[in-house]
Amino acid sequence: MEELPARSEGPVSAPGEPGAAPAPAAVPPPGDAALEARGLTKRYRGGQLAVDRLDLRVPRGSVFGFLGPNGSGKTTTIRMAMGLIEPTSGTVEVLGEPMPRGVRRVLPRVGALIEGPALYGFLSGRDNLVRFDAADPTADPRTRAARVGAALDRVGLVAAAGKKARAYSLGMKQRLGLAAALLRPRELLVLDEPTNGLDPQGMREIRTLVRELAADGTTVFLSSHLLDEIEQVCTHAAVMAQGRLLVQGTVAELAGRAASARGRLAVTTPDPADAVRILKEHGVTDLVAAVDRVTGELPGRDAPDLADLNAALVGAGVRVRAFGRERVSLEDAFVALTGEGFDVAG
Amino acid sequence: MSRAERQAAPAPAAREAYPLRRLSLFRSEIGTVFRRWRTLALLGVLAAVPVLVGIAVKVETGDGGTVGHGGEGPAFLSQVTNNGLFLVFTSLAATLPFFLPMAVGVVAGDSLAGEAASGTLRYLLVAPVGRTRLLLAKLTSTLVFCLAATMVVAVSALAVGALLFPLGDITLLSGTTVSFGEGLLRALAVAGAVALSLAGIAALGLFVSTLTNSGIAAMATTVGLLITAQIVDQFPQLEAVQPYLFPHYWLSFADVLRQPVYWDQLLDNFRLQALYAAVFGSAAWARFTTKDVTA
């Protein structure tokens, strides 16, 4: 785990900002992917094509956001990667080994939360973890109690560890599922909708946990339909729709590739009419004025220096409260890529 | 997956380190079965059968009458008043056709399908438990339940028999009288034969359990197969298939109570149970190791 290459991308905290462009120096060698799918296809017996020739590469050390509407094939992809489902064609390698052949060697190094937690309601939280730990043939039974205790501690469930799991709230179940994924140090963590059912405080804690794990060198593969969540923690992302991969890359690249990548100019001012006039003179188009705010599209070529533009406004007597480009969100990028609302099923 | 299971040997370092770890799953599996409220309820019902039979016999014979009115009711019923040990045999004879195999069908049918229904199966598999290893653990826990269920009936019957009726030397079916100590040993052997009789339905239930993601459906199917087999076994016209029905030789356990023990049917029973275990165990393995786990 310690020998993993340094994370190849910019800081997680600022993926959407200009400074977060990929650092070309630390690009891992080809093949050194935590998860790699080539032509991965799954057709269920009913004939339904769930995943269609998927090529996906999750670099080691990345926090990889896996996006897509419900029914887009995300979970089927994850199940194939975890050896639960056999691909119809194509391959998927996890930590360098093809699945499902490599399950015994690979999966002890992988923690997974798939389609929500599943627990034995009649067992206590602690006994649930003991059971999942006992299922791993490479786990030393002598240190089981310590592992279970540490995992409970990590997700903040120590106080509720003795309670029967059926009495747990959804958030507690989610935490216990995460604890099972964290029973041992993992090289890859696959988290399918990890913040489902959590309150805002719980979601924050999960994000902090993901950042901590990533800082330790764990590759995190995070599926979510919450764009905000992906944008906050991920370095890379891929978008699926109707079983196909639409796009993959760093979060900064994705935001940059969207049509509206250059954010609109936004001026907050009590003098919108004057502001519109001055901006128009400087070539800003598509101006929209509100009570105290003006936005517009900067010209693609020969764009004026923003500082000059601001000076021109102030020079003309426009009182400027705020001035700058609007930040492009991943959601803007997503809508630009797919041309559809996010939660529309494929 | 079957291809995968054979090729993928565990890493050598991990193989040597902890010999105990191999048993962890089996302990966990057996513990999980016996900590379910449902399992305890089944065992409770089984324990109640000898109590009911014992009390009924005691009440009926309280005024000096005889039981059964001419040999009706389960085997050995008429001997219970003379010797409480016979309550063990009569209780096993009463529960073997339906109660015992139904309980086994519930546990076996739910074994994998129940885990699939609750979703815990996918977490066991990504642990990674190993599909063959999990199947072996499920088979083991089901067989342990067969033994436990039989012993619950036997022990409960012995306790009730000792409380309500006299104990002493026992007259076997062949007319020979043996000591109470040997009678107890024979009772133990009978319980063993009954437990082995349940191996066939245990394997059958495990196979059914690999076919569905619904625990209830698997239990119902297994119990349905039991009833069907019992019905088919009643019709003289279907004589040709009867020797291949898993319940066909079940009542052969009575042959343990002969001097010398009459082995023919007992061995036929064990062979048939072994055949069912082999056929349906293999079928379960073939199905489970290649199955797409979508639950």
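Residues numbered from 1 in each chain as written. Chains lettered and ligands numbered in written order. Predicted model: local features only at pLDDT ≥ 70, side-chain atom pairs only at ≥ 80, totals over all residues. Heavy atoms only, no water.

**Notes on the overall build of chain A**
Here is step 1: Helices and strands together make up the secondary structure of chain A, namely 11 helices and 14 strands.
Here is step 2: Looking at the 346 residues of chain A, the share that counts as buried comes to 53%.
Here is step 3: Put simply, of all contacts in chain A between residues at least 6 apart along the chain, 68% involve residues at least 24 apart.
Here is step 4: When the accessible surface of chain A is summed, it comes to about 14700 Å², and 51% of that surface belongs to carbon and sulfur atoms. (Helix = DSSP H or I, 4+ residues; strand = E, 2+ residues; numbered from the N terminus. Buried < 20%, exposed > 50% of the residue type's maximum accessible area, 1.4 Å probe, protein only. Contact = heavy atoms within 4.5 Å. Areas by Shrake-Rupley, 256 points an atom, 1.4 Å probe, with all protein chains shown as cover.)

**Side note on the confidence of the model for chain B**
Residues and elements named next belong to chain B.
Here is step 1: The pLDDT averaged across chain B works out to 87; a share of 88% of its residues lies at or above 70.
Here is step 2: By mean pLDDT, the top-scoring element of chain B is helix H10 (residues 199-211) (95), and the lowest-scoring one is helix H1 (residues 2-7) (42).
Here is step 3: The low-confidence segment residues 1-16 (pLDDT under 50) makes 32 contacts with residues lying over four places distant or belonging to another chain. (pLDDT = per-residue confidence, 0-100.)

**Remarks on the nonpolar core**
Here is step 1: By size, the foremost hydrophobic cluster in this structure holds 98 residues, and its most contacted members are Leu56, Met82, Val94, Val110, Leu129 and Phe221 of chain A.
Here is step 2: Each residue touching Met82 of chain A, except ones within four places of it in the same chain, is listed here: Met99, Val103, Leu107, Val110, Ala112, Ile114 and Val190 of chain A together with Val126 of chain B.
Here is step 3: In this structure, Leu43, Leu87, Cys146 and Val256 of chain B belong to the second largest nonpolar core, which totals 57 residues. (Core = buried A, V, L, I, M, F, W, Y, C linked by side-chain atoms within 4.5 Å.)

**Describing a nonpolar patch on the surface**
Here is step 1: Among the surface-exposed residues, Phe98, Ile227, Ile231, Phe235, Leu238 and Val241 of chain B lie close enough to one another that they form a single nonpolar patch of about 490 Å² accessible area.
Here is step 2: Position of Phe98 of chain B among the secondary structure elements: in the loop between helix H5 (86-95) and helix H6 (99-118). (Patch = residues over 30% accessible without salt bridge, like charges linked within 9 Å, V, L, I, M, F, W, Y side chains within 5 Å. Salt bridge = Lys/Arg side-chain N within 4 Å of Asp/Glu carboxyl O.)

**Notes on the domain arrangement of chain A**
Here is step 1: For chain A, the domain assignment lists domain 1 (33-257) and domain 2 (261-338).
Here is step 2: Just the C-alpha atoms count here: the centres of domain 1 of chain A and domain 2 of chain A sit 42 Å apart. (Domains from an automatic or database assignment.)

**What to know about the sheet that holds strand S13 (residues 293-297) of chain A**
Residues and elements named next belong to chain A.
Here is step 1: With antiparallel pairing, the four strands of this open sheet are ordered in space as S12-S13-S11-S14. Two strands in the sheet have a free side with no partner beyond their single neighbour: strand S12 (285-289) and strand S14 (322-325). Across the sheet, the mean angle separating the axes of adjacent strands is 10° when strand polarity is ignored.
Here is step 2: As paired strands, strand S11 (residues 265-268) and S14 are joined by four bridges and run antiparallel to one another. Looking across to S14, one finds that Leu265 is bridged to Arg325.
Here is step 3: Taken strand by strand, helix H9 (residues 272-281) contacts S11, S12 and S13, and its axis lies near 175° from that of S12.
Here is step 4: Across the sheet, helix H10 (residues 306-315) lies against S11 and S14, angled at about 150° from S14, the strand it touches most. (Pairing = 2+ DSSP bridges. Axes fitted to C-alpha atoms, helices over the stretch in contact; angles between N-to-C directions.)

**Concerning the UniProt feature "transmembrane region" (unreviewed entry) in chain B**
Residue and element names in this part refer to chain B.
Here is step 1: UniProt marks residues 37-57, 85-108, 143-167 and 187-208 with the feature "transmembrane region" (unreviewed entry), using the numbering shown here.
Here is step 2: Overall, residues 37-57 shows 100% helix and 0% strand. The separation of its end C-alpha atoms is 31 Å.
Here is step 3: Taken end to end, residues 143-167 comprises 88% helix and 0% strand; its first and last C-alpha atoms sit 31 Å apart. (UniProt positions renumbered as here; feature names shortened; annotations may be inferred.)

**Details of the sheet that holds strand S9 (residues 236-241) of chain A**
To summarise the sheet geometry, strands pair through backbone hydrogen bonds and adopt either a parallel or an antiparallel arrangement.
Residue and element names in this part refer to chain A.
Here is step 1: Pairing in this open sheet of six strands is mixed, and the strands run S6-S7-S8-S3-S9-S10 from one edge to the other. In this open sheet, the two strands that pair with only one neighbour each are strand S6 (110-113) and strand S10 (244-250). Averaged over neighbouring strand pairs, the angle between their axes works out to 10° when direction is ignored.
Here is step 2: In this sheet, S10 lies alongside S9 in antiparallel orientation, the contact comprising six bridges. Looking across to S10, one finds that His236 is bridged to Thr250.
Here is step 3: In this fold helix H1 (residues 74-81) packs onto strand S3 (63-67), strand S7 (188-192), strand S8 (219-224) and S9, with an angle of close to 150° to the strand it touches most, S8.

**Looking at the pairing of S6 of chain A**
All names here are of chain A.
Here is step 1: The alternating pattern of S6 places Val110 and Ala112 on one face and Gly111 and Leu113 on the opposite face, and all of these are buried.
Here is step 2: In the sheet, S6 pairs with S7 via four bridges, with the strands oriented parallel. Bridged to Val110 within S7 is Leu188.

**A closer look at the packing of aromatic side chains**
Here is step 1: The tally for this structure, following the rule as stated, stands at 11 aromatic pairs over all chains.
Here is step 2: Relative to Tyr123 of chain B, the ring of Phe132 of chain A has its centre 6.1 Å away and its plane inclined at 65°; by these criteria the two rings are edge-to-face. Here Phe132 of chain A, found in helix H3 (residues 125-135), pairs with Tyr123 of chain B, found in helix H7 (residues 120-125), and the two come from separate chains.
Here is step 3: Residue Phe132 of chain A is classed as buried on the basis of its relative accessible area, which comes to 6%.
Here is step 4: Taking 5.5 Å as the distance between ring centres and 80° as the angle between the ring planes, the aromatic pair formed by Phe86 of chain B and Phe89 of chain B counts as edge-to-face. Here the residue Phe86 of chain B and the residue Phe89 of chain B both occupy positions in helix H5, the gap between them amounting to three residues, near one helical turn.
Here is step 5: Taking relative accessible area as the criterion, Phe86 of chain B reaches 5% and is therefore assigned buried. (Phe/Tyr/Trp six-rings, centres within 6.5 Å; stacked < 30°, edge-to-face > 60°.)

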